[in-house]
Amino acid sequence: MKRRLLLASAVLLTPLAARAQTVYPVKAVRLMVGANAGGGTDIVARMLADKFAAQFKGTFLVENKPGASNTIAADLTAKAPADGHTLLVATNTGQAIAPHLLKLGFDPIKDLTPVGLVVSVPNVLVVGASVPVNSVPELIAQMKAKPGEFKYASSGVGSTQHIAGEAFDMAAGVKGVHVPYKGSAQAHLDIIAGNVQMMFDTTSSAMGQIKAGKFKTLAVTSDRRSSELPDVPTLIEAGLPGFDMTTWYAVYVTAGSPPDVVARLQAELARAIALPDVQAKLRGLGGEPGTMSVEQFARFNIQEYERFGRLIRDANIKPD
């Protein structure tokens, strides 16, 4: 009789134990960000932290770990316990570019599982208001006529702005002079002053100078026009076939995390992105909210890693 009672108790308790093991989150979830507070990645992360806290009825905390081209945060996420309680909010700078320039202690493809694409922000090719060109063909003609005289700014070696500049040089058959900065603010001042002629900046960063008339917009670097700059052509329309260089933001989780937790994170991220206020905020950053399925983004993640690797090798880009 005693044995039968013990077996019955075990049967009754097993479903409860199984359900207890799948409760998520069981503690605070960290959203790792490889950039300083106040930047685009941080804004996206804090917005998601608020939405996830409501959707999961748990605590989601943003932790800023800037440095090493956004890879410090990725390294911490890759090496965290595989329980789904450490997420990474990242850009292609850290996930697809930096791994080809830096010696890392983790593999961004094998050690991080994609949760989903949040938003893509096109870069925009801008020149200073005093630069005597008003279109991409005019710029290319001037760069060919005056080799070595056109300088382009970026927020650092290996940034998407830098890679876009190198890709433009190869596609247009010109050679600009790369001038790296620690951020966009100083680069903007030098463009306005005429010390540097051009930049492939994100729309969210450049919009203030564009609206103030201090920058002229020649083209966006995405494969379609930006909703924030509908009258500005793409570089493809301007005569450079296949040119596509955007900054994208995505969420990852430590590889090996429980499949049911990963699946729920993927579903809740898609739910958050679809919210009207989130859509409005993402568009306010000059971006296009992500619409890829989980499978599509997983493929895109690998394709972008390989594409940027080829660009870096072809352009012979080396770290500082």
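This structure is a prediction, so every number in the text was calculated from the model and none was measured. (Residues numbered from 1 in each chain as written. Predicted model: local features only at pLDDT ≥ 70, side-chain atom pairs only at ≥ 80, totals over all residues. Heavy atoms only, no water.)

### Some thoughts on the pairing of strand 5 (residues 151-154)
Part 1 of the reasoning: Across four bridges, the pairing between strand 5 and strand 6 (residues 177-180) is parallel. Bridging from a neighbouring strand, Tyr152 pairs with His178 of strand 6.
Part 2 of the reasoning: Where the polypeptide runs from strand 5 across helix 6 (residues 160-172) and back to strand 6, its parallel neighbour, the crossover connection is right-handed.
Part 3 of the reasoning: Sheet topology places strand 5 next to strand 7 (residues 198-202); two bridges connect them, and they run parallel. Its bridge partner lying in strand 7, Tyr152 is registered against Met198. (Pairing = 2+ DSSP bridges. Helix = DSSP H or I, 4+ residues; strand = E, 2+ residues; numbered from the N terminus. Right-handed = clockwise from strand over helix to strand, strands pointing away.)

### Let's talk about the packing of aromatic side chains
Part 1 of the reasoning: Scanning the model with the defined rule gives 10 aromatic pairs in all.
Part 2 of the reasoning: Seen in terms of ring centroids, Trp248 and Phe297 are 6.0 Å apart; in terms of plane orientation they differ by 85°. Their pairing is edge-to-face. Here the residue Trp248 occupies a position in strand 9 (residues 246-254), and Phe297 occupies one in helix 11 (residues 294-315), the gap between them amounting to 49 residues.
Part 3 of the reasoning: We classify Trp248 as buried; its relative accessible area is 0%.
Part 4 of the reasoning: Between the aromatic rings of Tyr252 and Phe297, the centroid separation amounts to 6.1 Å while the plane-to-plane angle is 55°, which identifies the pairing as tilted. One end of the pair, Tyr252, is in strand 9; the other, Phe297, is in helix 11, and 45 residues separate them in sequence.
Part 5 of the reasoning: Judged by relative accessible area, Tyr252 falls into the buried class, the value being 0%.
Part 6 of the reasoning: Note on Phe297: relative accessible area 1%, which makes it buried.
Part 7 of the reasoning: The structure contains a cluster of three or more aromatic residues connected by ring pairs, namely Tyr24, Phe52, Phe56 and Phe60.
Part 8 of the reasoning: When the ring centre of Phe308 is taken as origin, the NZ or CZ atom of Arg307, which lies over that ring, is 4.8 Å away. (Phe/Tyr/Trp six-rings, centres within 6.5 Å; stacked < 30°, edge-to-face > 60°. Buried < 20%, exposed > 50% of the residue type's maximum accessible area, 1.4 Å probe, protein only. Lys NZ or Arg CZ within 6 Å of the ring centre and 35° of its normal.)

### Focus on the confidence of the model for the protein
Low pLDDT marks regions whose predicted coordinates should not be analysed in detail.
Part 1 of the reasoning: Of all residues in the protein, 93% have pLDDT values of 70 or greater, and the mean over the chain is 90.
Part 2 of the reasoning: Of all the helices and strands in the protein, helix 1 (residues 2-21) carries the lowest mean pLDDT, 46, while strand 1 (residues 29-33) carries the highest, 98.
Part 3 of the reasoning: The low-confidence segment residues 5-12 (pLDDT under 50) makes zero contacts with residues lying over four places distant or belonging to another chain.
Part 4 of the reasoning: Note on residues 14-21: pLDDT under 50 across the span, and zero contacts to partners over four residues away in sequence or across chains. (pLDDT = per-residue confidence, 0-100. Contact = heavy atoms within 4.5 Å.)

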